[in-house]
Structures are given as structure tokens and as C-alpha cells.
Amino acid sequence: MANEIRAEHGPREDYPSVDLRMDVPHSARVYDYLIGGKTNFEADRVAAHASVRAWPALPTSMRTTRDFMQRSVRRLAEQYGVRQFLDIGTGIPTSPNVHEVAQAVDPEARVAYVDNDPIVLTHARALMDSTPEGRTCYVEADFRDPESIIGNPRLREVLDFSQPVALSLIAIVHFVLDEDDPQGIVRRFMDALAPGSFLALTVFTGDTDPVGVGGVGREYNARGIPLQIRDKAETEAFFDGYELLDPGVTLVHRWRPDAGAAPVRDQDIAMYAGVAIKR
């Protein structure tokens, strides 16, 4: 059964014991190290350094992807009135998290977090710091098993699927190989959401630097972290049947950048992004 943790204003559940396998690199911890976090171990740092040797722009690309997550949540809350967010592939909490961005716009916003990485479970309390008016929860479940998430009772206490929900899939689908039908998985989630819901998604790409990004893929796969690189057409396939918001599928730093944002070179980015609405 999935581990489920909910934000409360009284006693909270104790965390179950988990095996973090600190001697094996973990995608969430490698990402944490590359964006400047402290929740990582030697195996993760070795994998990160090898990947950066293959493509030195990797930390820039990852930080810029994190910026897109925050920007897309804020734009959806401010401009489109979204008050419910389902964030799958949450990763190790790094402030500001989705609920902090959304609840800064409306304290009543509700956010459900989902990840299947044990390291995230051990830090899930950082995801539970909801405003009194809003709600958050954390569910340990696998993106590749949509039914275990869609039907989760705790998640359904927090999110009302009869009302629009923004599904946030940031830096996750590249860890799902084609044989597992990632586009079909995304469609299953979107089918469960009400009209007026949104899909915000990023896809790891080698279009900007095939050699360097290809090297990152080899380093990850060699260390037991399956990673699939996709092109723009494959990225656009995730949005089939939905209405893309302007500017469509583009590199993450080009999706509605904030005024005054520091310039970033296209060749330093290996992530496409898009946001679409379900009509």
C-alpha cells in the first residue's frame, strides 16, 4: 500500500523506515546536488560530476527547469485561476515548492504531491507546510501506475477531480522509457481530470546539443538510472488532444519568461516545456 502523508495542524504520522541505498546514485539526489542542494551522497556526486563532464551546461539546464516549474504554477494560479495542483515526480523538496508558489497567490490553493522515491518520503514534511486555509498531501506512488494515484483516498480528500486541476510533470517523463508508454500514462491522468484542467510538462531533449546531452544519457544509464532523450516532435505528442497555451512547446527558458530574467543560451538548455488546457 502506498505511504500517504497529509498536512494537519495537530500530530502527524511518523515516517516509515526506508532504505536509501546511499552507495547507489539516485536521480532525485543527483538533481538535488546539481541545483545546489545538500540532500545527496558521494555516489550521487560522482554521477553528477561525470554527467557535467559530458555536458557542462547540465546544472544551468536543471536550474532553469526548476524556474519553469515555479513560473508555470504562478501563471496558472494568477492568470487562469487554478486552485488545485497535482505534482507528480516531486523530487526532494526545494523551496519554493508548488504549494508555496500557489498559496502565495491564493492561500486556499490545494496541492497533492506524488513520488515513488524513498528519499522524498523522508523529506515529505517540508511539503506539508500548508497555509491554514489550504491543504497539501504527499502520496508515495509510481507515475507508471496512474490508477494507484487517481484512486488514492488521501489524494482525493485534498483534490476535487470534478473541478479543474493542473497536472505538473516536471523532469519526470524522461525516466519513463517508450516501452512503458509515457504518452499513454499522461493521457490516463488527463482523462481523469475535469474540463478546464491543465497539463504542464517538461521533456529532456538533445536537440540543442546532441553530443553533450547524449553523453549525459550514457552516464545516467551506465549508473542504473534509465533516461530517454526525446526530440520536439516527441514532446509535442504528449500534448495531443489538448490546447497548447502560447508559446506552445519551447525550451524551458523561453516559456513566458519573467521580465528582467537573466539571459540563457539555447545551447545550454536540454529541456522542452509546454502548458496545455483540456477543453
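Basis of the calculations
Residues numbered from 1 in each chain as written. Predicted model: local features only at pLDDT ≥ 70, side-chain atom pairs only at ≥ 80, totals over all residues. Heavy atoms only, no water. Helix = DSSP H or I, 4+ residues; strand = E, 2+ residues; numbered from the N terminus. Rg over C-alpha atoms; globule rule 2.2 N^0.38 Å. Buried < 20%, exposed > 50% of the residue type's maximum accessible area, 1.4 Å probe, protein only. Areas by Shrake-Rupley, 256 points an atom, 1.4 Å probe, with all protein chains shown as cover. Lys, Arg positive; Asp, Glu negative; His and termini not counted. Charge placed at Lys NZ, Arg CZ, Asp CG, Glu CD. pLDDT = per-residue confidence, 0-100. Contact = heavy atoms within 4.5 Å. Salt bridge = Lys/Arg side-chain N within 4 Å of Asp/Glu carboxyl O. Polar contact = N/O pair within 3.5 Å; in protein donor to acceptor, adjacent residues only side chain to side chain.

**Section: the overall build of the protein**
Within the protein, the secondary structure is distributed over 10 helices and nine strands. Relative to a compact globule of 279 residues, whose C-alpha radius of gyration would be 19 Å, the protein shows 18 Å and is just as compact. Principal-axis analysis of the C-alpha atoms gives the protein an extent of 50 × 45 × 40 Å. Counting across all 279 residues of the protein, residues that qualify as buried make up 54%. Here the protein has roughly 11,900 Å² of accessible surface; of this, 49% comes from carbon and sulfur atoms. Mean positive and mean negative side-chain charge positions of the protein (30 and 42 charges, respectively) differ by 3 Å.

**Points about the confidence of the model for the protein**
This prediction gives the protein a mean pLDDT of 92; 93% of its residues lie at or above 70. Scored below 50 in pLDDT, residues 7–15 makes 17 contacts in the model with residues more than four places away or belonging to other chains.

**Focus on the environment of Gly206**
Along the chain, the position of Gly206 falls in the loop between strand S6 (198–204) and helix H9 (210–222). As a C-alpha pair, Gly206 and Met271 span 65 residues in sequence and 8.2 Å in three-dimensional space.

**Quick word on the pattern of salt bridges**
For the coordinates displayed, the defined rule picks out 12 salt bridges. In this structure, Arg83 engages Asp106 in a salt bridge whose closest nitrogen and oxygen atoms are separated by 2.7 Å. A residue pair is termed long-range when its members are at least 10 positions apart, and Arg83 in the loop between helix H3 (58–80) and strand S2 (84–88) and Asp106 in the loop between helix H4 (98–105) and strand S3 (110–115) qualify at 23 residues. Overall, the relative accessible area of 18% leaves Asp106 in the buried class. The partner of Arg223 in a salt bridge is Glu219, and the shortest N-O contact between them spans 2.4 Å. Residue class for Arg223 comes out partly exposed when judged on its relative accessible area of 28%. Counted as one network, the salt bridges with shared partners bring together Arg74, Arg75 and Asp258.

**Concerning the environment of Asn221**
Considering the arrangement of structural elements, one finds Asn221 in helix H9. Between the C-alpha atom of Asn221 and that of Arg66, which follows or precedes it by 155 residues, the distance is 22 Å. Once residues within four sequence positions are removed from consideration, Asn221 is found in contact with Pro226 and Leu227. Here the side chain of Asn221 touches Gly217 through a polar contact of 2.8 Å, landing on its backbone oxygen. At 3.2 Å, the side chain of Asn221 and the backbone oxygen of Leu227 are in polar contact.

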